[in-house]
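Here are the chains, one letter per residue:
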Amino acid sequence: LKAFNCVAAYLQADLKDPLYVYPPKGLMQELGQDPNKIWKLNKALYGWPPSGRIWFDKVSTWLHDYGFRTLGNSGTFMMLDR
């Protein structure tokens, strides 16, 4: 039995819909830029609730393409028959 735990997996989740955030207070002034700008994110944020699901969809698609199959009703347990 082998398993893995991805600590920074959420940071690898590609966003399907645009996500905009305000930069931390005071950062834009310190950088000498317009303080009213917002940022468009390309990857999900750690701690943002949908991040885990977005990442799991990405990795499970890859695992299914590689030959893994889900076990039972869970969808989170996968096995590779070789």
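Computed from a predicted model, the values in this text were never measured in an experiment. (Residues numbered from 1 in each chain as written. Predicted model: local features only at pLDDT ≥ 70, side-chain atom pairs only at ≥ 80, totals over all residues. Heavy atoms only, no water.)

Here we come to the packing of aromatic side chains. Applying the stated criterion across every chain, the model contains 2 aromatic pairs. Measuring from centroid to centroid gives 5.2 Å for Trp62 and Tyr66, while their planes differ by 10 degrees, and the two rings are stacked. On the criterion of helical spacing, the pair formed by Trp62 and Tyr66 is a turn pair, its members being 4 residues apart in helix α2 (residues 51–66). On the accessibility criterion, Tyr66 (42% relative accessible area) is partly exposed. (Phe/Tyr/Trp six-rings, centres within 6.5 Å; stacked < 30°, edge-to-face > 60°. Helix = DSSP H or I, 4+ residues; strand = E, 2+ residues; numbered from the N terminus. Buried < 20%, exposed > 50% of the residue type's maximum accessible area, 1.4 Å probe, protein only.)

Before going further, it helps to spend a moment on the pattern of salt bridges. Evaluated as defined, the whole model comprises 2 salt bridges. The shortest N-O distance in the salt bridge between Arg53 and Asp57 comes to 3.2 Å. With Arg53 and Asp57 both in helix α2 and 4 residues apart, this pair spans about one turn of that helix. Classification of Arg53 by relative accessible area gives exposed; the value is 54%. Judged by relative accessible area, which is 25%, Asp57 ranks as partly exposed. Members of the salt-bridge network, linked through shared partners, are Lys16, Arg53 and Asp57. (Salt bridge = Lys/Arg side-chain N within 4 Å of Asp/Glu carboxyl O.)

A separate point is a nonpolar patch on the surface. A cluster of nonpolar residues, Tyr20, Tyr22 and Ile38, forms a patch on the protein surface that exposes about 400 Å² of accessible area. Within the secondary structure, Ile38 sits in the loop between α1 (27–31) and β2 (39–43). (Patch = residues over 30% accessible without salt bridge, like charges linked within 9 Å, V, L, I, M, F, W, Y side chains within 5 Å. Areas by Shrake-Rupley, 256 points an atom, 1.4 Å probe, with all protein chains shown as cover.)

In this structure, Ala13, Leu15, Leu19, Leu41, Ala44, Ile54, Trp55, Val59 and Leu63 together form the largest nonpolar core, which totals 9 residues. Elements with a contribution of two residues or more to this core: β1 (14–21) and α2. Residue contributions to this core peak at 4 residues, all from α2. (Core = buried A, V, L, I, M, F, W, Y, C linked by side-chain atoms within 4.5 Å.)

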